[in-house]
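A look at the structure
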2 protein chains.
Amino acid sequence: MTYKIDRQARCAVIGYGSWATALVKILLENESAVGWYIRNNEVLEHIRQHKTNPRYLRDVHFYTNNLKLSDDINTVVSEADVLILAVPSVYLKTTLEPLTVSLQDKFVISAIKGIVPEDYVTVTEYVNRRYGVPFDQLGIISGPCHAEEVALERLSYLTVVCKEMENSLSLGEKIGTSYINVSHSTDIYGTEYASVLKNIYAIAVGICVGLSYGDNFLAVLIANSAMEMSRFMEQTYPAERNTFASAYLGDLLVTSYSQFSRNRRFGLMIGKGYPVQSAQMEMNMVAEGYYASECITQINKKFDVEMPIAETVHRILYDSEKPGPLIAKLTGHLI
Amino acid sequence: MTYKIDRQARCAVIGYGSWATALVKILLENESAVGWYIRNNEVLEHIRQHKTNPRYLRDVHFYTNNLKLSDDINTVVSEADVLILAVPSVYLKTTLEPLTVSLQDKFVISAIKGIVPEDYVTVTEYVNRRYGVPFDQLGIISGPCHAEEVALERLSYLTVVCKEMENSLSLGEKIGTSYINVSHSTDIYGTEYASVLKNIYAIAVGICVGLSYGDNFLAVLIANSAMEMSRFMEQTYPAERNTFASAYLGDLLVTSYSQFSRNRRFGLMIGKGYPVQSAQMEMNMVAEGYYASECITQINKKFDVEMPIAETVHRILYDSEKPGPLIAKLTGHLI
């Protein structure tokens, strides 16, 4: 029997970064109780006492009566039907490590954009393989969405993706608010890979900005990135999908054009001549697109999709090739 | 017999704005002589004496020995085989008015993005109807391309479009330089309408910025604009075209995301509450997208393509409806 999300399904959010905080805010608009797993005790206590997250979206005030806060992941998971994963992909494995409760009767939603490092699989693929959650109990919440704008209640669009449209619709009811418009889709593969690929393209944009390319060229690069993304999906997993929709092109645009995008900033440093490791140290974290680049390269060995932009980024990041000449070469492949 | 542009074909540019000036600069990289019609005598004399255009791209220095400058359009046209029109569309008719020389044995390229006001036809359609130039002697040069970046020799892409691919290629040789990459196409209809539509969408973006919508929403709006543009072309003039290419999506991106776009600035004022006429007076000119909006609305009466964004812009500009509530309604139609 297929798993059905109903109106009574209890939701919990795993993570306490800006996106997790935004998702809790959204859920509280519709739900009378929301579980929230916060590993960091200091943050947890601050939210309990001051009703705000001390680190992210500090202006968002929580009615803590409706929050079921806990630093025990097993408690949070036991008391929920729908789990929303919202930690940076690099912390996913360690976050789930203490888990002893089974996930097999849960519906698990990834709000994480990226690849699980080392494993080089998407988040839903990882949860499926490692925790035995079948794909009809897996889903995605996808942008284009800066958490900061959600905090300000500026109109944003989220796409909810589940294998069964009925579940997308039910979940959509839990996250639609006056400032969140919800689109629905069943294209888990396409949406998840779009959000992985866009980080690679945002790195490419950053590199080119670092190399002093102008707006005319960036528009060409981003249009060609959209084309490459669309080609990758068509050739690796054909499906009825409109890659102009917000979950694909929209997400690429918001990331590529935002100067606050971590991946774009990482690329910018590379373009300006920083070695990869120095850029990572300077940023105090690894940009998601760094792992995405290796993962897509591995996958594409099988499919051999024409991806000059992603290949160029990979050669710059992993083969220590100089960005200047490689980007110059790339310019001849864009249309 | 079909008209062929050969290597010896003599080129001339009509107009002295920033885009005309950039095109003359580009042509001079490849041609030993370039005709240039400049209606304004003061500007003409300044270029003769000081070798720079006093009004636009002032840093561009011209080797005037290779320029055949004239304030007589008939002289310029007589001495050229390929004419490149680069005046704002609102001045096209008056610019061509003094013409007594026939255009029927010329190749006429429009570098104008827009609609001929009052006539509500594209530039190639106008030249075809009014001057009897057949479509196989008509072409387009299309962006994404800010003239200012061409002046700085920052890498930009131009798409050359002629009905015969051979002519696109020949013309491409005349405008390809170290800082201009040329793509080729035969899709006159699609390219010209893309450059018309994008001005309408840039107005929509401006309106939404004026109404304080954020980056998340703008990405959704622009992605949906690309989708609407693609749908319009598919339903009005089906052809083999990749609407992700720079001449379509790239051009939309550079215009929509540029704060210097006149259409976006015009929209911004409307969004902030200026009446249409005050915004036009304030800008001291009419944004191309204003005419485009009426033109597309007229055309679409026949085709009835679903175009919620273009329709919303039209109702705001021509029916004096308040932007706030109309955009709020539009948000429900985006995906």
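Keep in mind that this is a model prediction, so the values were computed, not measured.

Brief notes about the overall build of chain A
Counting its regular elements, chain A contains 15 helices and 10 strands. At 20 Å, chain A has a C-alpha radius of gyration in line with the 20 Å of a compact globule built from 335 residues. Expressed as lengths along the three principal axes of its C-alpha atoms, the size of chain A is roughly 55 × 45 × 35 Å. Long-range contacts, defined here as pairs at least 24 residues apart, represent 69% of the contacts in chain A between residues at least 6 apart. Carbon and sulfur atoms provide 47% of the accessible area of chain A, an area that totals close to 13300 Å². Counting 30 positive and 37 negative side-chain charges, chain A places the averaged centre of each group 3 Å from the other.

Things to note about the UniProt feature "domain: Glycerol-3-phosphate dehydrogenase NAD-dependent C-terminal" (unreviewed entry) in chain A
Feature annotation in UniProt assigns "domain: Glycerol-3-phosphate dehydrogenase NAD-dependent C-terminal" (unreviewed entry) to the following positions: residues 187-324 of chain A. Segment residues 187-324 of chain A splits into 75% helix and 0% strand. End C-alpha atoms: 37 Å apart.

A look at the packing of helix H13 (residues 288-303) of chain B against helix H14 (residues 308-318) of chain B
Relative orientation and spacing of two packed helices are given, respectively, by the angle between their axes and the distance between those axes. Residues and elements named next belong to chain B. The N-to-C vectors of H13 and H14 enclose an angle of 120 degrees; their axes lie 9 Å apart at closest approach. Comparing their axes, H14 and H13 come out oblique. In terms of crossing hand, the pair formed by H13 and H14 is left-handed. Where H13 abuts H14, its residues Tyr290, Tyr291, Ser293, Glu294, Thr297 and Asn300 lie against Glu311, Val313, His314, Leu317 and Tyr318. In the contact of H13 with H14, the residues fall into 5 nonpolar, 4 polar and 2 charged.

Description of helix H5 (residues 123-131) of chain A
Looking at H5 of chain A, one finds that the buried residues are Val123, Thr124, Glu125, Tyr126, Val127 and Tyr131 of chain A. Looking at the residues trailing H5 of chain A, positive phi occurs at Gly132 of chain A, about 65 degrees.

So, the UniProt feature "active site" (unreviewed entry) in chain A
Residues and elements named next belong to chain A. In this structure's numbering, the residues bearing the UniProt feature "active site" (unreviewed entry) are Lys198. Counting through the fold element by element, Lys198 comes out in helix H8 (residues 188-210). Residue classification places Lys198 among the buried positions, given a relative accessible area of 3%. If near-sequence neighbours (up to four positions away) are discounted, Lys198 is found in contact with Lys113, Met229, Asp251, Leu252 and Thr255.

Re the pattern of salt bridges
This model, assessed by the stated rule, comprises 26 salt bridges over all chains. We note a salt bridge from Lys25 of chain A to Glu153 of chain A, for which the minimum N-O separation is 2.6 Å. Of the two residues, Lys25 of chain A sits in helix H1 (residues 18-28) while Glu153 of chain A sits in the loop between helix H6 (147-151) and strand E9 (156-162), which places them 128 residues apart along the sequence. With a relative accessible area of 11%, Lys25 of chain A lands in the buried category. Across the pair Lys4 of chain B and Glu166 of chain B runs a salt bridge whose closest N-O atoms are separated by 3.8 Å. Of this pair, Lys4 of chain B sits in the segment before strand E1 (11-14) while Glu166 of chain B sits in helix H7 (residues 165-175); the two residues are 162 residues apart in sequence, bridging distant segments of the chain. Assessed through its relative accessible area of 48%, Glu166 of chain B is described here as partly exposed. Counted as one network, the salt bridges with shared partners bring together Arg7, Glu31, Glu173 and Lys174 of chain A.

Notes on unusual backbone geometry
All names here are of chain A. Here the residue pair Gly143 and Pro144 is connected by a cis peptide bond, since its omega of 15 degrees sits within 30 degrees of zero. When you line up the elements, Pro144 lands in the loop between strand E8 (138-142) and H6. Notably, Tyr120 is not glycine yet its phi reads approximately 55 degrees, a positive angle. Take Tyr120: its relative accessible area is 29%, and that puts it in the partly exposed class. Even without being a glycine, Glu153 presents a positive backbone phi close to 55 degrees.

Side note on the nonpolar core
If you look at the biggest cluster of nonpolar residues, it comprises 120 residues, and the most contacted ones within it are Phe232 and Phe266 of chain A together with Phe232 and Phe266 of chain B. If sequence neighbours within four positions are ignored, Phe266 of chain B has contacts with Ile203, Val276, Ala279, Gln280, Met283, Ala287, Tyr290 and Leu317 of chain B.

Calculation rules
- Residues numbered from 1 in each chain as written.
- Chains lettered and ligands numbered in written order.
- Predicted model: local features only at pLDDT ≥ 70, side-chain atom pairs only at ≥ 80, totals over all residues.
- Heavy atoms only, no water.
- Helix = DSSP H or I, 4+ residues; strand = E, 2+ residues; numbered from the N terminus.
- Rg over C-alpha atoms; globule rule 2.2 N^0.38 Å.
- Contact = heavy atoms within 4.5 Å.
- Areas by Shrake-Rupley, 256 points an atom, 1.4 Å probe, with all protein chains shown as cover.
- Lys, Arg positive; Asp, Glu negative; His and termini not counted.
- Charge placed at Lys NZ, Arg CZ, Asp CG, Glu CD.
- UniProt positions renumbered as here; feature names shortened; annotations may be inferred.
- Axes fitted to C-alpha atoms, helices over the stretch in contact; angles between N-to-C directions.
- Parallel < 35°, antiparallel > 145°, perpendicular 65-115°, else oblique.
- Left-handed = near helix turned anticlockwise from the far one by under 90°.
- Nonpolar A, V, L, I, M, F, W, Y, C, P; charged D, E, K, R; others polar.
- Buried < 20%, exposed > 50% of the residue type's maximum accessible area, 1.4 Å probe, protein only.
- Salt bridge = Lys/Arg side-chain N within 4 Å of Asp/Glu carboxyl O.
- Core = buried A, V, L, I, M, F, W, Y, C linked by side-chain atoms within 4.5 Å.

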